[in-house]
Amino acid sequence: MATRTRDTAALRTRRKAELLGKFLHAVERLDLQGVGFGEASVETLIGEAGVSRATFYSYFRDKNDLLRELAESSLTEMLDLWLENLPGGASKQQLSAAFDLIIAAYLSRRAVMVAAGESPPGSEMAREFEALIVRSADAFARQIRTAQAEGRVPTDIDARTTALLLSWMCERGLARLTPDSSPDQRDMLAACLTEVYWRTLRGKA
Amino acid sequence: MTPEPVPRREIGRRTRRRDDMRDELLALMGNFLESGGDFSDLTVEQLTREAGISRTQFYVYFEDKGDLLHSLYLRTVADSVGTIDEWWNDSDIDRARLRRVIGRFVRERARHIMVVRAVNDSVASDAVARRAIESVRQRMSDRFTSVIEAGQQSGAVDSSLDAPGTASLLEGLLVRGVEQLVVDSRPAHLRKVADSMTAILWRTLYAEA
């Protein structure tokens, strides 16, 4: 019995991940057609994703719940990319390569990230989004503290405040990239982010 | 009678008296928001009653309460840009002075955070206000770009940095970063925000090696 429950839960988790993938693509396609997440109805979303109404409501309370889940999975994915690609003592080249990956990941989730990041302040979605950025910044702050303990980053900066400020700056920088941005514009953003992060934490060289 | 819509404006006042009434309405809205009031609960009637003017007079100054909020926001932005200008006009800035300017900027933003939040809230449904605010940020970013370029020419700022790209990121840091971090407005926390902000700006733009 216990095993069966576990299987069902595992199945549901897997099914939900699949659904999130479908909706992620649906939201991006609709956005490219000029239908922003805010204007899209549940009908439009499930039609574009090819998901039934019953399935939608068995996994999500409403459209905002879907957006929250999409934003969470997107930010988790980007945070994982960051952590996997930046081991302790990473070089400036590694930092720049990590930003390339984050930018590519962001662009394929842009409509979701913009809809979630620009929700009205004080709304539940805005609070959830803020909490997700804070979670990423906390992971980044732990990296900074480790590097401070190992003597790679100066100890005169507060790890958490600096991590939060840089994370919000990065979020803004990414949100300003348009869907039709050229590879040059993306490279420029990666280069500028690399310089600000590297100089702040490691110095000029 | 429907009053004639008055174009959105923040300058172009005809008389001193008008100026004073305009200031009073801005102050009333500011106090209301900063004491925790919700913008959507505020009515034009409330404002006119407190200011002791008629509804028709209100519309001489502002198109609607959204226009009033927007003007209030522009004024707070103008104030912060004035503060930042002390840094931007100083071609020979040192770290201690930068820290003082940023400290003042952070405190001012913290004081006006409710106005900022109300504006961010309103732009979600007001495309005109959104564009106006984006253009304010763009101007700030453009000005920042020319400050970085001038610093590169004088040798104060590393010439390998891309000026517009770096200015755009650092403008995001000043605006979004501060908006998010000053919700906790205890002085010790604001000092920490100003310290970190100064470290990021100083090390990115000016620090040697």
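Note that the structure is predicted; figures quoted are calculated from it, not measured.

Undergrad: Would you explain helix α6 (residues 113–123) of chain B in this entry?
TA: It helps to recall that an α-helix has 3.6 residues per turn; residues three or four apart then point in one direction. In terms of residue burial, α6 of chain B counts as a mostly covered element, since 8 of its 11 residues are buried. Of the residues making up α6 of chain B, those classed as buried are Ile113, Val115, Val116, Ala118, Val119, Asn120, Ser122 and Val123 of chain B.

Undergrad: Would you mind going over the packing of helix α9 (residues 183–202) of chain A against helix α8 (residues 163–181) of chain B with me for this structure?
TA: Two measures define how a pair of helices packs: the angle their axes make with one another and the distance between the axes. Where α9 of chain A contacts α8 of chain B, the two axes come as close as 9 Å, and the packing angle between them is 65 degrees. The hand of the α9 of chain A/α8 of chain B crossing is right-handed. Along the contact surface, α9 of chain A presents Leu189, Cys192, Leu193 and Val196 of chain A, while α8 of chain B presents Gly165, Thr166, Leu169 and Leu170 of chain B. A per-class count over the contact of α9 of chain A with α8 of chain B returns 6 nonpolar, 2 polar and no charged.

Undergrad: Just to check I follow, could you spell out the pattern of salt bridges for this structure?
TA: Opposite charge on two side chains permits pairing when their charged atoms draw close. The tally for this structure, following the rule as stated, stands at 32 salt bridges over all chains. Put simply, Arg117 of chain B and Glu130 of chain A hold a salt bridge, and the shortest N to O gap is 4.0 Å. Linking Arg117 of chain B in helix α6 with Glu130 of chain A in helix α7 (residues 124–149), this pair reaches from one chain into another. Salt bridges sharing partners connect three or more residues here, namely Lys16, Arg61, Asp65, Arg68, Glu69, Glu72, Glu128 and Arg135 of chain A.

Undergrad: Would you mind going over the nonpolar core with me for this structure?
TA: Soluble globular proteins: nonpolar side chains tend toward being buried together. Grouped together as the largest cluster of nonpolar side chains are 138 residues, with contacts concentrated most on Phe23 and Tyr197 of chain A together with Leu25, Trp87, Ile102, Phe144 and Leu201 of chain B. Residue contributions to this core peak at 10 residues, all from helix α8 (residues 159–175) of chain A. Taken domain by domain, this core gets at least three of its residues from each of domain 1 (1–62) and domain 2 (65–205) of chain B.

Undergrad: Is there a simple way to think about the domain arrangement of chain B in this case?
TA: It is common to give the size of an interface as the accessible area lost on bringing the parts into contact. Residue and element names in this part refer to chain B. As far as domains go, chain B holds domain 1 (1–62) and domain 2 (65–205). Between domain 1 and domain 2, the C-alpha centre-to-centre distance is 27 Å. With 20 residues of domain 1 at the interface, the matching set in domain 2 holds 17 residues. Between domain 1 and domain 2, a total of about 1700 Å² is buried, with carbon and sulfur atoms accounting for 66% of that surface. At the boundary of domain 1 and domain 2, one finds 1 salt bridge. Across the pair Asp23 and Arg75 runs a salt bridge, and its minimum N-O distance is 3.0 Å. Of all the elements in the fold, those that place two or more residues in the side of domain 1 that touches domain 2 are α1 (16–34), α2 (44–51) and α3 (55–61). The element contributing the most residues to the side of domain 1 that touches domain 2 is α1, with 8 residues. Residue composition of the side of domain 1 that touches domain 2, grouped by class: 11 nonpolar, 2 polar and 7 charged.

Undergrad: I tried to follow the environment of Val60 of chain B on my own but got confused; where do I start?
TA: With respect to the helices and strands, the residue Val60 of chain B is situated in helix α3. Distance in space between the C-alpha atoms of Val60 of chain B and Val183 of chain B is 35 Å, their sequence separation being 123 residues.

Undergrad: Looking at this structure, how should I read the side chain of Ser181 of chain A?
TA: Residue and element names in this part refer to chain A. Positionally, Ser181 belongs in the loop between α8 and α9. Among the residues examined, Ser181 registers a relative accessible area of 5% and is labelled buried. The contact partners of Ser181, leaving out residues within four places of it in the chain, are Leu107 and Arg186.

Undergrad: I tried to follow the interface of chain A and chain B on my own but got confused; where do I start?
TA: The interface is formed by 30 residues belonging to chain A together with 33 residues belonging to chain B. Between chain A and chain B, a total of about 2800 Å² is buried, with carbon and sulfur atoms accounting for 62% of that surface. Run the count over chain A and chain B and you get 6 salt bridges. The interface formed by chain A and chain B holds 10 residue pairs in polar contact (both at pLDDT 80 or more) in total. With 10 residues, α8 of chain A is the largest single contributor of residues to the side of chain A that touches chain B.

About the criteria used
Residues numbered from 1 in each chain as written. Chains lettered and ligands numbered in written order. Predicted model: local features only at pLDDT ≥ 70, side-chain atom pairs only at ≥ 80, totals over all residues. Heavy atoms only, no water. Buried < 20%, exposed > 50% of the residue type's maximum accessible area, 1.4 Å probe, protein only. Helix = DSSP H or I, 4+ residues; strand = E, 2+ residues; numbered from the N terminus. Axes fitted to C-alpha atoms, helices over the stretch in contact; angles between N-to-C directions. Left-handed = near helix turned anticlockwise from the far one by under 90°. Contact = heavy atoms within 4.5 Å. Nonpolar A, V, L, I, M, F, W, Y, C, P; charged D, E, K, R; others polar. Salt bridge = Lys/Arg side-chain N within 4 Å of Asp/Glu carboxyl O. Core = buried A, V, L, I, M, F, W, Y, C linked by side-chain atoms within 4.5 Å. Domains from an automatic or database assignment. Buried area = accessible area lost by both parts, 1.4 Å probe. Polar contact = N/O pair within 3.5 Å; in protein donor to acceptor, adjacent residues only side chain to side chain.

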